[in-house]
Amino acid sequence: PDYPEAHNNLGNALARAGRPDDARRHYGEAVARRPAFAEAQSNLGNALLEAGRAPEAIARFERALALRPDYAEARYNWGNALAATGDLPGALAQYRRALQLNPGYAEAHVNAGNALLALERPGEALRHYETAVALDPQLADAHYNLGSVSLQLGRWADAIPRFEAALRLAPDNANAHRALG
């Protein structure tokens, strides 16, 4: 019962099994037993964010980064929490810092693109989506978002294969079906 790594790993398994409340409890146990456990701090932050408790999540990500400043995933997660609160410039700053730490972080490119798109900077968003697709061709969201921003920029011919790729990867994506139509 006093083994923080076991609580953290059990939290991960419970989160994957769709039991977020139990996962959050075990992440909390891991942090209570070892407050300097950066991964558990970040995982607890994700669980809190999933529960709609963004301010508490942000505090956990800040703590994780105080413990381990080079933790790209915690930067990314902090960006997600900031985006959830509507702080898109702050979210973008965290995604960019995550990408400085790990330039191959495809999901951070996707979310940086999302923030840029929401900030009405589609050209910059396009570059992030292109990079995400190049890094991980299996990211359906990256293909969909690349298609969407291509449409916004009037690049119809570029959008069609992106929506088709998104649908190959996620056949139930209603937005991709609508956009392709």
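Please refer to the structure higher up on the page.
None of the values given here were measured: they were computed from a predicted structure.

Visitor: Could you give an account of helix α5 (residues 72-84), with specific residues and numbers?
Guide: Along its 13 residues, α5 runs 19 Å from first to last C-alpha, staying within 8% of the 18 Å computed at 1.5 Å per residue. Of all 13 residues making up α5, 10 are buried, and the element is well covered by its neighbours. Those residues of α5 lying buried are Ala 72, Ala 74, Arg 75, Tyr 76, Asn 77, Trp 78, Gly 79, Asn 80, Ala 81 and Leu 82.

Visitor: Explain the packing of helix α9 (residues 140-152) against helix α10 (residues 156-169) to me, using residue names and the numbers behind them.
Guide: Look at α9 against α10: their axes get within 8 Å of each other, and the N-to-C directions meet at 160°. Classed by the angle they form, the pair α9 and α10 counts as roughly antiparallel. Viewed along their axes, α9 and α10 form a crossing whose handedness is left-handed. Counting all contacts with α9, which are made through Ala 140, His 143, Tyr 144, Leu 146, Gly 147, Ser 148, Ser 150 and Leu 151, the residues of α10 involved are Trp 156, Asp 158, Ala 159, Arg 162, Phe 163, Ala 165, Ala 166 and Leu 169. The residue inventory of the contact of α9 with α10, partitioned by class, reads 10 nonpolar, four polar and two charged.

Visitor: Quick rundown of helix α1 (residues 4-16)? Include the residues and the values.
Guide: Under the 1.5 Å per step criterion, the end-to-end length of α1 is 19 Å for 13 residues, consistent within 8% with the ideal 18 Å. Those residues of α1 not exposed but buried are Pro 4, His 7, Asn 8, Gly 11, Asn 12 and Leu 14. Check the buried side of α1 and you find it contacts α2 (20-33) and α3 (38-50). Looking at the residues trailing α1, positive phi occurs at Gly 18, about 80°.

Visitor: I'd like a rundown of the environment of Phe 163, residues and numbers included.
Guide: With respect to the helices and strands, the residue Phe 163 is situated in helix α10. Among the residues examined, Phe 163 registers a relative accessible area of 1% and is labelled buried. In sequence terms Phe 163 and Asn 175 are 12 residues apart; their C-alpha atoms lie 9.2 Å from each other.

Visitor: Hey, could you go over the packing of helix α8 (residues 122-135) against α9 for me, with residue numbers and the actual values?
Guide: Put simply, α8 and α9 touch, their axes get as near as 9 Å, and they point 150° apart. Considered as vectors, α8 and α9 are oriented roughly antiparallel to each other. The handedness of the crossing between α8 and α9 is left-handed. Between α8 and α9, the contacting residues are Pro 122, Ala 125, Leu 126, Tyr 129, Glu 130, Ala 132 and Val 133 on the first element and Ala 142, His 143, Asn 145, Leu 146, Val 149, Ser 150 and Gln 152 on the second.

Calculation notes
Residues numbered from 1 in each chain as written. Predicted model: local features only at pLDDT ≥ 70, side-chain atom pairs only at ≥ 80, totals over all residues. Heavy atoms only, no water. Helix = DSSP H or I, 4+ residues; strand = E, 2+ residues; numbered from the N terminus. Expected span 1.5 Å × (residues − 1). Buried < 20%, exposed > 50% of the residue type's maximum accessible area, 1.4 Å probe, protein only. Axes fitted to C-alpha atoms, helices over the stretch in contact; angles between N-to-C directions. Parallel < 35°, antiparallel > 145°, perpendicular 65-115°, else oblique. Left-handed = near helix turned anticlockwise from the far one by under 90°. Contact = heavy atoms within 4.5 Å. Nonpolar A, V, L, I, M, F, W, Y, C, P; charged D, E, K, R; others polar.

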